[in-house]
Amino acid sequence: MTRILTYREALREGLDEELARDPNVVLMGEEVAQYNGAYKVTEGLWKKWGGRRVLDTPISEAGFIGMGIGASLLGVRPVMELMFWSFHSVAFDQLVSNAACLRYMSGGLCHCPIVVRGPANGGTGVGATHSHVPEALFAAFPGLKVCAPATPADAKGLIKAAIRDNDPVYVMENTLLYGLSGEVPDPADGDFVIPLGSAEIKREGSDISLIAHGRSVLQAMAAADILASAHGIQAEVLDLRSIRPLDLEAILKTVQKTHRVVLVDESKPFGGVSAMVALLIQEHAFDDLDAPILRVCSLDAPAIYSQHVEHEQLPNPRRIVEKVLSIS
């Protein structure tokens, strides 16, 4: 049985269930407790669980990320909210040099079971310094895991998997998705967890594969509807869901089925997630391709402040359709 929840509600339900399941899970961040969260994801959790489980922190990403890493070495499982993932640079040493390397440098004796979550997206007209999309950056560091849920169900299933993982997991959300509604399994039907590293076909198709993650999945789905209705092209949409680990098997399977690929990625084109996916397809499925691999990424410039212009900077259905139609 399923219910209709918003993306925000699904995240909150996942956090609430993990707080109930494991007394070592704590939520930390700026305004996550008494203020109910900057985006109201944690609304009601401080009132329910109290100040020892849901903690407001000072406005210091370096401070509370470092505190969470230290606490994780003592058995705590902190879930820390960044008001924007754009603020990662303030805590870059903690996120990369400390969290990513602890298990390796301790010979497997120490684990760092932290989750860092928050919005990582453009499209909200808040300017370049608040619109970074850093999943490819963090996926480049061994020891880190990265996921980007596109639907309410995936948001719940992935946040629960992230909290239970013994490695650092960075969850890239999207402010434009917080109000999105969708079906989410009922807790009465059992524990709902989506394993990290598992992609999902969101739409079956036979003519071309659109591979995306995060909000770009919804843009790909909208483009697939246009392609089917206006051009008779049946596009398959694969949602990566997890950036690292990456579900290579699912990627190759859809390429082998349709023989044509367009990668949709809100990252900038230089060194983005889609660049890595394109390389993997080239290495492992070159003989299955009937056309070159093409990409639709954000235009290679800092996020544009004007929302009307920024809409054109990001992947959108029109740009995806045009790219698909350019394939001979």
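As a reminder, the structure under discussion sits directly above these lines.
Predicted model only: the values in this text are computed from it and were never measured.

**Comments concerning the nonpolar core**
- Counting 42 residues, the largest nonpolar core has Ile65, Trp85, Leu95, Val116, Phe138, Tyr170 and Ile281 as its most contacted members.
- Listed by contribution, the elements that provide at least two residues to this core are β2 (25-29), α3 (61-72), α4 (92-98), α6 (135-139), β7 (169-173), α9 (248-258), β13 (261-265) and α10 (273-285).
- With 5 residues, α10 is the single largest residue contributor to this core.
- In terms of nonpolar packing, the next biggest core, distinct from the first, is built from 28 residues, Leu15, Tyr39, Leu45 and Cys147 among them.

**Brief notes about the sheet that holds strand β14 (residues 294-297)**
- Strands sit in the order β9-β11-β10-β13-β14 across an open sheet of 5 strands; the sheet is mixed. Edge positions in the sheet fall to β9 (200-203) and β14, since each of these pairs with one other strand and no more. When the angles between neighbouring strand axes are averaged without regard to direction, this sheet yields 25 degrees.
- Sheet topology places strand β10 (residues 208-212) next to β13; 3 bridges connect them, and they run parallel. By the bridge assignment for β13, Ile211 is matched with Leu263.
- Against the sheet, helix α12 (residues 317-325) engages β10, β13 and β14, with an angle of about 165 degrees to β14.

**Comments concerning the sheet that holds strand β6 (residues 145-147)**
- Strand order in this open sheet of 7 strands is β3-β2-β4-β5-β7-β6-β12, and the pairing throughout is mixed. The open sheet has two edge strands with one neighbour each: β3 (54-56) and β12 (242-244). Each adjacent strand pair in this sheet contributes to an overall mean axis angle of 20 degrees, direction not counted.
- With 3 bridges connecting them, strand β4 (residues 77-81) and strand β5 (residues 115-119) associate as parallel partners. Note that in β5 the partner of Glu81 across the bridge is Arg117.
- Across the sheet, α3 is in contact with β2, β4 and β5; its angle to β4 comes to roughly 165 degrees.

**A look at the pattern of salt bridges**
- For the structure on display, the rule yields 27 salt bridges.
- Glu81 serves as the salt-bridge partner of Arg117, at 2.8 Å between the closest nitrogen and oxygen. Residue Arg117 is found in strand β5, and its partner Glu81 is found in strand β4; the two are separated by 36 residues along the sequence. The pair formed by Arg117 and Glu81 is uniform in burial state, with each residue classed as buried.
- Of the charged contacts in the structure, one is a salt bridge between Asp165 and Lys145, with a shortest N-O distance of 2.9 Å. Taken as a pair, Asp165 in the loop between α7 (152-164) and β7 and Lys145 in strand β6 lie far apart in primary sequence, 20 residues in all.

Cut-off values and rules
- Residues numbered from 1 in each chain as written.
- Predicted model: local features only at pLDDT ≥ 70, side-chain atom pairs only at ≥ 80, totals over all residues.
- Heavy atoms only, no water.
- Core = buried A, V, L, I, M, F, W, Y, C linked by side-chain atoms within 4.5 Å.
- Buried < 20%, exposed > 50% of the residue type's maximum accessible area, 1.4 Å probe, protein only.
- Helix = DSSP H or I, 4+ residues; strand = E, 2+ residues; numbered from the N terminus.
- Pairing = 2+ DSSP bridges.
- Axes fitted to C-alpha atoms, helices over the stretch in contact; angles between N-to-C directions.
- Contact = heavy atoms within 4.5 Å.
- Salt bridge = Lys/Arg side-chain N within 4 Å of Asp/Glu carboxyl O.

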